[in-house]
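Observations on chain architecture
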2 protein chains.
Amino acid sequence: MLGAHVEGAGPDGSHAGREAVTDVLAVLAYGELVAFERMAHDAQYAPTLADKDALAGMAVVEFGHYRALRARLAERGADVEEAMAPFVAAVDAFHAGTQPKSWLESVVKAYVGDGIGSDFYRVVSRVLPEPERSLVVDVLDDAGQSVFAVAKVRAAVAADPTLAGRLALWARRIVGEALAQAQRVAVDRDALARVVAGEGVADFAALLGDLTTAHAERMAALGLRA
Amino acid sequence: MLGAHVEGAGPDGSHAGREAVTDVLAVLAYGELVAFERMAHDAQYAPTLADKDALAGMAVVEFGHYRALRARLAERGADVEEAMAPFVAAVDAFHAGTQPKSWLESVVKAYVGDGIGSDFYRVVSRVLPEPERSLVVDVLDDAGQSVFAVAKVRAAVAADPTLAGRLALWARRIVGEALAQAQRVAVDRDALARVVAGEGVADFAALLGDLTTAHAERMAALGLRA
């Protein structure tokens, strides 16, 4: 059922489809808002003004995504704050569990954390109606993290090979925390869980496999072991 | 000599005028970059998602100003990082000395700190050549702080009148720290000091008087004693 639309598709004729679309937009919106905050915060640890400019610029791109999702939620008649509220605890817990302790950890988080999030939402987007589907695909566009992170991490590890092990461990922690919080959201939000688990996104095990493969490719790009 | 242009106006035929223009753009650019960072950071303490949205949105406007100033510096052939470097210590010291300890302190800082900075640069802008003059005036546009801060502070003080004294003290500290750091920059940067003190901005005492008057008006708008 890949590509099936969620909206109005609930087999019991309920409004679960519509709720699910709101949930996807809302969790993504809140995620982008907090990603903006965390990246802007981490920018203060940049070793040079050029690095600060780069990370702050990516943060601002995330804020633009948040505002676009927020606008769409409002157009759909949702109370934006109310729609985001169910996802605050999980998103905040993800960031509380993955607070970078160095500039390089910030860079790895921006790349690995956003990467796995984007992969996940890209799969979910396939079951969204338009215009939500295009909006979600648009906001998943890489804000420049990939090229920036790969260059910074490779240069740092080349200068100090002992960093490789620690950064690989750090990346694993980010992925672990992301999956733990996604699981938490799935348990709490029935409508959203049905989109992921039942309404067209193949099966959950296959999804996890795809996310893991894509994560391994990012780690290889960084020159780190997955 | 109000309205006289700095560029090429050095009485000794030196390049002090050109340096002064670069200094003004650079200190303002770095100030906007750090204002962005601090506001984005403070947004995490917002009591509601709507407040977070508001403060983060103002931060992003500041980042846009920074990018515009940066672009102009680059067009003038300046090395942007090098141009900003002399102002890093003073701007960072201002923020280190005025770290908000509550959401309301953040709001007061965004209004009072940006307000006195804007007043100061608006005076300086009168002696800039075009297109720098228009650019500086544009980036001094209020990003929405005034209306937001006045509403939030008035509501909070109405609910808890004991806040008024503490917030008034806080605002005085912000102004004191801003003037102390401006003084530090003036001592270090000859070219910039000449713009302010000698090349058309009336006299320094009159400037201080104007800044103080405008600050008192902002405090009155907040319902606080200056």
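Per chain, residue numbering runs from 1 following the sequence as it is written. In the order they appear in the text, chains get letters beginning with A and ligands get numbers beginning with 1. Per-residue local features of the predicted model are confined to residues with pLDDT of at least 70, and side-chain atom pairs are confined, for both listing and counting, to 80 or more; whole-chain, interface and lining totals are unaffected and use all residues. To obtain the side-chain values, all non-hydrogen atoms of the structure were used and water was disregarded.

**A closer look at the overall build of chain A**
Runs of E in the DSSP output that reach at least two residues are strands. Runs of H or I that reach at least four are helices, and both are numbered from the N terminus. A tally of helices and strands in chain A yields nine helices and zero strands. Starting at the N terminus and walking to the C terminus, you meet the elements of chain A as α-α-α-α-α-α-α-α-α. Partitioning the contacts of chain A with sequence separation of at least 6, the portion at a separation of at least 24 is 80%. Here chain A has roughly 9600 Å² of accessible surface; of this, 58% comes from carbon and sulfur atoms. Note on contacts: a residue pair qualifies if any of its non-hydrogen atoms lie within 4.5 Å across the two residues. Note on areas: Shrake-Rupley, 1.4 Å probe, and residue coverage restricted to the protein chains presented here.

**Quick look at the packing of helix 2 (residues 49-75) of chain B against helix 6 (residues 145-159) of chain B**
All names here are of chain B. Where helices are involved, their axes are fitted lines through C-alpha atoms of the stretch in contact, as for all axes, and angles between N-to-C directions lie from 0 to 180°. With their axes 11 Å apart at the nearest point, helix 2 and helix 6 run at an angle of 150° to one another. By the angle between their axes, helix 2 is roughly antiparallel relative to helix 6. You can see that helix 2 and helix 6 cross each other, and the crossing is left-handed. Along the contact surface, helix 2 presents D51, A54, M58 and E62, while helix 6 presents Q145, F148 and K152. Tallied by class, residues from the contact of helix 2 with helix 6 come to three nonpolar, one polar and three charged. Each angle is binned into one of four classes, with values under 35 degrees roughly parallel, values over 145 roughly antiparallel, values of 65 to 115 roughly perpendicular, and all other values oblique. Throughout, a crossing is termed right-handed when the near helix is turned clockwise from the far one, and left-handed when it is turned anticlockwise from it by less than a right angle. Note on residue categories: nonpolar means Ala, Val, Leu, Ile, Met, Phe, Trp, Tyr, Cys or Pro, charged means Asp, Glu, Lys or Arg, and polar means any other residue, Gly included.

**A look at the interface of chain B and chain A**
In this complex, chain B contributes 24 residues to the contact, which on the side of chain A involves 24 residues. Accessible area that two parts lose when put together, evaluated with a 1.4 Å probe and summed over both, is termed the buried area. Considering only the surface of chain B that becomes buried against chain A, E37, L49 and D53 of chain B emerge as the three largest contributors, covering 30% of it. Note on definitions: salt bridges are taken to be side-chain nitrogens of Lys or Arg within 4 Å of carboxyl oxygens of Asp or Glu. Inspection of the region where chain B meets chain A yields six salt bridges. R70 of chain A serves as the salt-bridge partner of D53 of chain B, at 3.7 Å between the closest nitrogen and oxygen. Between N or O atoms, a polar contact is any pair within 3.5 Å; within protein, one atom must be a potential hydrogen donor and the other a potential acceptor, and residues adjacent in sequence are included only when both atoms are from side chains. Seen at the junction of chain B and chain A, the total is eight residue pairs in polar contact (both at pLDDT 80 or more).

**With respect to the confidence of the model for chain A**
Residue and element names in this part refer to chain A. What pLDDT conveys is the predictor's confidence in a given residue, as a value from 0 to 100. This prediction gives chain A a mean pLDDT of 84; 88% of its residues lie at or above 70. In the predicted structure, residues 1-16 sits below a pLDDT of 50 and forms 32 contacts with residues beyond four places in sequence or in another chain. Listed scores for the predicted complex are pTM 0.80 and ipTM 0.74.

**What to know about unusual backbone geometry**
E130 of chain A connects to P131 of chain A through a cis peptide bond whose omega is 5°. Looking at where P131 of chain A falls in the secondary structure, it is placed in the loop between helix 4 (103-125) and helix 5 (132-139).

**Thoughts on the environment of Y121 of chain A**
All names here are of chain A. Mapping Y121 onto the fold places it in helix 4. Of the residues examined, Y121 reaches a relative accessible area of 15% and is grouped as buried. With 19 residues separating them in the primary sequence, Y121 and L140 have C-alpha atoms 7.8 Å apart. Each residue touching Y121, except ones within four places of it in the same chain, is listed here: V27, L28, V136 and L140. A simple rule labels every residue: compare its accessible area, found with a 1.4 Å probe on the protein chains alone, to the largest value its type can have, and call it buried under 20%, exposed over 50%, or partly exposed in between.

**Some words on the relation of the copies chain B and chain A**
The pair of chain copies shares a relation made of a rotation about an axis and a shift along it. Screw-axis analysis of chain B against chain A gives a translation of 0.0 Å along the axis, an RMSD of 0.0 Å, and a rotation angle of 180°. Interpreted geometrically, this transformation is the action of a two-fold axis. Among all residues of chain B, the minimum C-alpha distance to the rotation axis is found for H41 of chain B, at 2.7 Å. Comparing interface residues between copies, 100% of those in chain B also sit at the interface in chain A, which points to an isologous, same-surface contact. Overlaid copies result from least-squares superposition on C-alpha atoms, with residues included only where pLDDT is at least 70 in both.

**Examining the side chain of T22 of chain B**
Residue and element names in this part refer to chain B. Position of T22 relative to the elements: it lies in helix 1 (residues 16-42). Of the residues examined, T22 reaches a relative accessible area of 16% and is grouped as buried. Setting aside residues up to four positions removed in sequence, T22 forms contacts with L73, R76, A78 and A83.

**Quick notes on the nonpolar core**
Grouped together as the largest cluster of nonpolar side chains are 141 residues, with contacts concentrated most on F36, V112 and V153 of chain A together with F36, V112, V153 and L222 of chain B. Discounting residues that sit within four places of it in the chain, F36 of chain A has contacts with A59, V60, E62 and F63 of chain A together with F36, A40, A56, A59 and V60 of chain B. What we call a nonpolar core is a set of buried Ala, Val, Leu, Ile, Met, Phe, Trp, Tyr and Cys residues that are connected through their side-chain atoms within 4.5 Å.

**Focus on the packing of aromatic side chains**
Pairing of aromatic rings covers Phe, Tyr and the six-membered ring of Trp, with a centre-to-centre limit of 6.5 Å; geometry is then stacked below 30 degrees between planes, edge-to-face above 60, and tilted otherwise. The tally for this structure, following the rule as stated, stands at nine aromatic pairs over all chains. Centroid distance W103 of chain A to F148 of chain A: 6.3 Å. Interplanar angle 80°. Geometry classified as edge-to-face. A residue pair is termed long-range when its members are at least 10 positions apart, and W103 of chain A in helix 4 and F148 of chain A in helix 6 (residues 145-159) qualify at 45 residues. The burial state of W103 of chain A is the same as that of F148 of chain A; both residues are buried. A centroid spacing of 5.0 Å and a plane angle of 55° characterise the contact between F36 of chain B and F63 of chain B, whose relative ring orientation is tilted. Remark: F63 of chain B occurs in helix 2 and F36 of chain B occurs in helix 1; sequence separation between them is 27 residues. Taking the relative accessible area as the measure of exposure, F36 of chain B reaches 0% and is therefore buried. Following the ring pairs from residue to residue traces out a cluster consisting of F36, F63 and Y66 of chain A together with F36, F63 and Y66 of chain B.

**A look at helix 3 (residues 80-96) of chain B**
Residue and element names in this part refer to chain B. For a helix, the expected span equals 1.5 Å multiplied by the number of residues minus one. When the terminal C-alpha atoms of helix 3 are compared, their 23 Å separation across 17 residues agrees well with the 24 Å that a helix rising 1.5 Å per residue should span. A bend of about 50° at F87 is the largest found in helix 3. Turning to helix 3, its buried residues are V80, A83, M84, F87, A90, V91, F94 and H95. Two to three positions downstream of the cap, the backbone nitrogen of E81 sits 3.2 Å from a side-chain oxygen, assigning the N-cap of helix 3 to D79. Two axes enter the definition of the bend at a residue: one is fitted to the seven residues ending there, the other to the seven starting there, and the bend is the angle between them.

**A look at helix 2 of chain B**
Residues and elements named next belong to chain B. Here helix 2 contains 27 residues, and its C-alpha end-to-end distance of 39 Å stays within 8% of the 39 Å for a straight helix at 1.5 Å per residue. Counting buried residues in helix 2 gives 19 out of 27 residues, a clear majority hidden from the surface. Directly after helix 2, the chain includes G77, whose backbone phi takes a positive value near 85°.

**Some details on the environment of Y66 of chain B**
Within the fold, Y66 of chain B resides in helix 2. C-alpha of Y66 of chain B to C-alpha of V139 of chain B: the two residues are 73 residues apart in sequence and 8.3 Å apart in space. When near neighbours in sequence (up to four residues on either side) are disregarded, Y66 of chain B contacts D53 of chain A together with A29, E32, L33 and M84 of chain B.

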